[in-house]
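# Structural characterization, general
Now for the letters of each chain:
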Amino acid sequence: MHARAETAASWPEEIFSILQRFEVRQVPYVPDAGHSELIERVLGSSSMRGIALTTEEEGVALLAGAWAGGQRGVLLMQSSGVGNCINMLSLVQIFRLPFLTLVTMRGEWGEFNPWQVPMGSNTQGILELSGIKVLRASRPDEVREVVEAGAAQAYNACTPTAVLLSQRLIGAKVFTK
């Protein structure tokens, strides 16, 4: 369950539309409540293939294979999964892949779980040290513009890009009895 702080129902739909316009075909993901609406749209799409992963670094390799096969992809993950990808992100740099990832953040706005804070606090720095350009959307009205810019960087300029979707945007998780 999420306590949505500043959300609008349309931003996951806007992301889906952008991915369609950029002809994204493969969408690897680790199940995540922050991406749930987008994942549902992808799974219901006839033009995109959603691929559930057991761990996030599999998604980096899958996107490399998609690109080698002539398809675009986007990796959906949570900030805690970025730590799992550190070694695999070298693949993005070595092969100059048109890499795009959308990362839902934890360890920020209203976080209750102390285990999420260290990685959430270091996600942007880790991505940047790995050669990934980082953009951030913190409000619903920023999502379309930021994701479009990220997709253009990744697919047109072949610049590996991560778009961080802030915890303030997706809402802080809360658990009740």
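Above this note sits the structure.
Residues numbered from 1 in each chain as written. Predicted model: local features only at pLDDT ≥ 70, side-chain atom pairs only at ≥ 80, totals over all residues. Heavy atoms only, no water.

Turning our eyes to something else, we now look at the pairing of strand 2 (residues 24-29). Burial within strand 2 is extensive, with 5 of its 6 residues counted as buried. Alignment of strand 2 against strand 4 (residues 72-73), held across 2 bridges, turns out to be parallel. Looking at the pairing, V24 lines up with R72 of strand 4. Where strand 2 and strand 3 (residues 49-52) come together, 4 bridges link them in parallel fashion. Bridge pairing in strand 3 links Q26 to R49. (Buried < 20%, exposed > 50% of the residue type's maximum accessible area, 1.4 Å probe, protein only. Helix = DSSP H or I, 4+ residues; strand = E, 2+ residues; numbered from the N terminus. Pairing = 2+ DSSP bridges.)

Here R96, not a glycine, exhibits a phi torsion of approximately 50 degrees, which is positive. Its location among the elements puts R96 in the loop between helix 5 (89-95) and strand 6 (100-104). Assessed through its relative accessible area of 52%, R96 is described here as exposed.

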